[in-house]
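Close look at the chain arrangement
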Amino acid sequence: MLMDTILFYLFAALVLGGGILTITRRNAVHSAIFLILSLLGVAGLYLLQSAEFLFAVQIVLYVGGIMVLFLFVIMLVNLDQAAKEKQFNRQWTVALACAGLVGAEIFYFLAKGAGAFQLAKGTAEANTGMGNTERLADALFSQYLLPFEIASLLLLVAVVGSVVMAKKRI
Amino acid sequence: MQTVLQHPLFTPILVTLVIVAVFPLLAGYIVLVERKVLADFQVRLGPMRVGPHGLLQPIADALKLLLKEDIIPADADRSIFWLAPVISTFTALTAFSVIPFSKTIYVADVNVGILVISAMSAVGILGIILGGWASNSHYPLLGALRSAAQLVSYEVALAFALLSGLMVAGTLSLQGIVQAQMQRGIWFVFSNYGFMIVPFVVYMIAATAETNRAPFDLPEAESELVAGFHTEYSGFRWALYFLAEYANIFVVASVAVTLFWGGWLRPFPSVKWLALLDYLVPLLVFAGSGAASLVLVKRLKDPLQQKVLVGAALLLVVAGLVYVIPAVNAAAIGPFWFLFKVSLVIYLMIWFRGTFPRFRYDQLMDIGWKWMIPIGMGAIVVNAALGMLPPR
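To keep things clear, this report deals only with the structure shown in the data block. The numbering scheme is per chain: residues are counted from 1 as the chain's sequence reads. Chains and ligands are labelled by the order in which they are written, letters from A for the one and numbers from 1 for the other. Residue-level local features of this predicted model are given only where pLDDT is at least 70; pairs of side-chain atoms are given and counted only at 80 or more, and the full residue set underlies all totals for whole chains, interfaces and linings. No hydrogens and no water enter the side-chain calculation; it runs on all heavy atoms of the structure.

**Concerning the interface of chain A and chain B**
Residue contacts follow a heavy-atom distance rule, with two residues in contact if any of their heavy atoms lie within 4.5 Å. Contacts between the two partners involve 21 residues from chain A, matched on the other side by 23 residues from chain B. Summed over both partners, the accessible area lost on bringing two parts together, with a 1.4 Å probe, is the buried area. Buried area between chain A and chain B, summed over both chains or domains, comes out near 1900 Å², and the portion from carbon and sulfur atoms is 84%. Just to be clear on terms, a salt bridge is a Lys or Arg side-chain nitrogen sitting within 4 Å of an Asp or Glu carboxyl oxygen. There are 0 salt bridges connecting chain A and chain B. In this text, helices come from DSSP runs of H or I with a minimum length of four residues, and strands from runs of E with a minimum of two, each type numbered from the N-terminal end. Within the residue set of the side of chain A that touches chain B, elements represented by two or more residues are α2 (28-48), α3 (52-76) and α6 (132-143) of chain A.

Written as structure tokens, this is what we have:
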């Protein structure tokens with residue numbers, strides 16, 4: 001249990017530290033690396049919740065897929081020029097409002113504790129011996145099949161749309 | 001002592017130490033085999049100077065790499081230049097942790113094993129991209145961009161091929177996949193009425209691309225990009241990239257063997273009397289190759305080299321004879337079959353390199369997106385349909 005706590009704080013520090021460094025670094029590639037660190041921290045937190053499937057998918061998709069494409073684009077950009085430009089914009093009122101809202105939300109959850117969450121009933125029968133992946137697949141393809149299919153349709157639309165936009169003549 | 005031996009972490013830590021200690025040497029010898037085999041394809045001799053028939057070449061190479069000057073380009077991003085090969089090596093070696101070498105010899109039996117390997121190979125791409133970018137030089141950057149595009153494309157095909165295999169296995173755990181093949185008494189490559197050979201071929205092609213090997217070695221095409229992403233690397237850092245590359249080759253070969261060729265199972269695992277093979281094949285492989293190299297001794301002129309070769313041949317013969325002892329055989333036959341099959345797959349990949357000319361970049365993308373991915377998707381559909389049929 002102590003190990004879990006230590007690991008939790010380690011991963012949480014990774015997430016927060018990575019996040020802060022992502023927005024404060026001037027060099028875009030360094031920012032991307034710290035974003036990767038932050039995402040790896042999130043993956044670690046998933047693992048601590050024994051959600052192994054999410055852990056692996058988080059790394060495969062975010063670190064291996066999305067961040068690789070990010071870096072791919074960053075490398076094609078003139079970094080010296082980008083580093084000279086202003087790093088922060090002046091919309092601090094909007095930012096303050098967002099931060100305040102999130103802060104209020106966190107404060108509410110901290111004050112109310114576990115009572116703030118409506119936990120699903122499934123958690124009680126979680127230890128049926130089935131792995132995390134199997135249970136996730138079971139829920140995704142039976143209980144939540146319609147939302148799942150709608151989400152995949154949405155992604156298909158995005159894929160087709162990007163092809164249409166990128167290619168003038170098909 | 002007894003408590004140490006029975007501690008649940010004893011085998012994992014031991015196996016980890018052995019892998020980390022032995023793999024660099026093994027990688028060196030895979031390189032030697034590769035050079036020798038390629039030399040044979042091209043009717044040359046290959047390395048011959050260090051040791052009998054170049055047998056000690058890997059050790060000389062390793063020493064040379066360790067002692068070489070470590071050069072960092074003046075305008076390089078030093079921290080990332082330092083970090084990139086570390087990422088590559090770390091991820092490549094981490095992937096070993098879920099590979100089952102036998103029923104008892106493995107580091108961890110994770111129930112998302114295959115996904116861990118995909119995740120590690122996905123993160124490993126970052127090492128290549130960052131290394132190419134941090135060098136602050138043209139060829140490495142071009143190599144890095146090529147490899148990013150190539151690896152992201154072929155990862156999709158690889159995932160589809162793996163999915164077909166996983167549908168047959170019904171589990172993501174690599175140990176579980178081997179157990180499933182044992183229970184059904186069939187290697188998955190012959191499963192589904194032999195149709196599984198299609199995803200296996202897709203897997204092998206995608207895996208060759210994924211490990212940046214010829215004919216898909218565009219990221220390090222010598223004729224165009226000097227050495228691609230690791231042009232500016234030298235000495236030990238370069239050795240780390242090299243180690244990572246061969247570790248990746250070993251890992252993709254292990255996944256192929258585990259998912260399609262029965263992992264540490266012997267051929268026909270359900271036929272009892274064929275347990276004979278457990279004794280016969282190791283004896284034939286080890287003692288046979290030992291005897292064959294004894295014949296070669298006469299051709300050597302240097303007496304010292306003759307002695308070294310005799311020693312190596314005797315070691316092989318002894319290794320073969322040790323496998324006849326039933327107790328040793330029971331413990332060591334799993335790793336034997338596993339490593340035997342892995343070496344065959346690695347030999348196949350070397351064979352590819354010796355046979356096919358390098359693809360052009362547009363051909364590479366064509367093969368990836370217009371052939372491999374559709375075939376992979378189709379294979380999933382067909383496999384799903386065949387899987388619904390009553391078992392034979």
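Now that the structure has been shown, we can carry on.
**So, the environment of Ala256(B)**
Residue and element names in this part refer to chain B. Among the structural elements, Ala256 can be located in helix α10 (residues 235-260). Considered as a pair, Ala256 and Lys272 are 16 residues apart in the sequence and their alpha carbons are 25 Å apart. Once residues lying within four places of it in the same chain are set aside, the contact partners of Ala256 are Phe200, Tyr203, Met204 and Trp261.

**Concerning the nonpolar core**
The term nonpolar core refers to a set of buried residues drawn from Ala, Val, Leu, Ile, Met, Phe, Trp, Tyr and Cys, joined through side-chain atoms within 4.5 Å. Note on exposure labels: buried denotes an accessible area under 20% of the residue type's maximum, exposed denotes more than 50%, and partly exposed covers the range between, all computed with a 1.4 Å probe on protein chains only. Counting 113 residues, the largest nonpolar core has Leu71(A), Phe96(B) and Tyr203(B) as the members making the most contacts within it. No other element matches α10(B), which puts 15 residues into this core. Every residue in contact with Phe96(B), bar those within four places of it in the chain, is listed here: Ile19(B), Phe23(B), Phe101(B), Ala247(B), Phe250(B) and Val251(B). Val281(B), Tyr323(B), Ile333(B) and Trp337(B) belong to the second largest nonpolar core, which has 5 residues in total.

**As for the side chain of Asp77(B)**
Here Asp77(B) shows up in the loop between α3 (57-67) and α4 (78-95). Charge counting treats Lys and Arg as positive and Asp and Glu as negative, with His and both chain ends excluded. Despite its burial, Asp77(B) remains without a salt bridge, the nearest opposite charge being carried by Arg78(B) at 8.5 Å. When residues no more than four places from it in sequence are discounted, the contact partners of Asp77(B) are Asn27(A), His30(A), Trp133(B) and Ala134(B).

**What about the side chain of Asn212(B)?**
By secondary structure assignment, the location of Asn212(B) is in the loop between α8 (197-210) and α9 (222-225). Those residues within four positions of Asn212(B) in sequence are excluded, and the remaining contacts are Ile128(B), Gln150(B), Leu151(B), Asp217(B), Pro219(B), Glu220(B) and Phe229(B).

Everything listed here is a matter of geometry and, on its own, says nothing about what the molecule does.
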